[in-house]
Amino acid sequence: MIITCPSCSTRYLLPPAALSPAGREVRCARCGHLWFQQPPDDMPHTVDLIEPTRAAGGGGSSVGGPSRNLPGPPLTHPRRGAALGWLLFFVVLAGGLGSAVAFRDQVVEAWPPSGKLYELVGLPVAAYGLALANPTTERSNEGGAEILTVNGTVRSTIDSERPVPPLWVSLLDDQGRILRREMATPEPNLLPAGGEAHYKVRFAAPPTEATRIAVTFGESP
């Protein structure tokens, strides 16, 4: 299914299995907005099946129903079987999720769009075969105006050449809201195996409410 962030309209591909039948909270990897995502209308729901009451005796009949001349089948314990089935399902699911979490960098390397799904559930990944180092900041004054300079590094995590996409450098407040953002173009834009690229962004008169910096991979607007 495709979900859309209500704040910045960024769209994500999310497997319906990642949502419970009642829905769950998700977070936008681009702007940090948190919202409650309802499951799709066609998502399967569990229902309780109630077995009809049998008439006493093999030849009796229920009120208003057709006569029966055969005894009913022996009663089983469907709840015990259903519980065992759900237990096996969750064991297999937990094993699959554990592998997906432990090897998430390899999963993203093989299928880059999956990086957005990991980000939605708060798991950091080396997206696109690249890793972002923590940026450094420097404040200065030019002509009476305050300048905030952000420097950072992008490192290759795979054994082959990899192009470097542009980056969004965002200034956030205490609630994670984006106050200002600028696009950075790392240099060089093609990294060899294990290589590094550097970027720099300058914010003139940065907002006083800005308390955090977020750097994410993005596309040109």
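Quick look at the structure, then. Predicted model, so just to flag it, every value in this text is computed and none were measured.

The next subject is the state of the cysteines. Going through the model one piece at a time under the given rule, you end up with zero disulfides. Cysteine Cys28 is unpaired, with the sulfur of Cys8 as its nearest cysteine sulfur at 3.6 Å. On the basis of relative accessibility, which here comes to 2%, the residue Cys28 falls in the buried class. For Cys31, which is in no disulfide, the shortest distance to another cysteine sulfur is to Cys8 and amounts to 3.6 Å. Looking at Cys31, the relative accessible area reads 11%, which means it is buried.

Throughout the structure, instances matching the rule amount to zero aromatic pairs. We note Arg181 situated over the ring of Trp168; from NZ or CZ to the ring centre the distance is 3.7 Å.

This part covers the pattern of salt bridges. Under the definition given, this model contains three salt bridges. In this structure, Glu146 and Arg139 form a salt bridge, with 2.4 Å as the shortest nitrogen-oxygen distance. The salt bridge involving Arg202 is made with Glu142; its shortest N-O contact spans 3.0 Å. A residue pair is termed long-range when its members are at least 10 positions apart, and Arg202 in strand 12 (residues 196-204) and Glu142 in strand 6 (residues 136-142) qualify at 60 residues. On the basis of relative accessibility, which here comes to 44%, the residue Arg202 falls in the partly exposed class.

A few words now on unusual backbone geometry. The omega angle of the peptide bond from Glu187 to Pro188 is -5°, so this bond is cis rather than trans. Relative to the elements of secondary structure, Pro188 occurs in the loop between strand 10 (178-184) and strand 11 (190-191). Phi is positive for Ser9, which is not a glycine, with a value near 65°. Relative to the helices and strands, Ser9 is located in the loop between strand 1 (2-4) and strand 2 (11-13). Of the residues examined, Ser9 reaches a relative accessible area of 52% and is grouped as exposed. With a phi angle near 50°, Ala205 is a residue other than glycine that sits in the positive phi range. Note on placement: Ala205 falls in the loop between strand 12 and strand 13 (212-217).

Thresholds, definitions, all that
Residues numbered from 1 in each chain as written. Predicted model: local features only at pLDDT ≥ 70, side-chain atom pairs only at ≥ 80, totals over all residues. Heavy atoms only, no water. Disulfide = S-S within 2.5 Å. Buried < 20%, exposed > 50% of the residue type's maximum accessible area, 1.4 Å probe, protein only. Phe/Tyr/Trp six-rings, centres within 6.5 Å; stacked < 30°, edge-to-face > 60°. Lys NZ or Arg CZ within 6 Å of the ring centre and 35° of its normal. Salt bridge = Lys/Arg side-chain N within 4 Å of Asp/Glu carboxyl O. Helix = DSSP H or I, 4+ residues; strand = E, 2+ residues; numbered from the N terminus.

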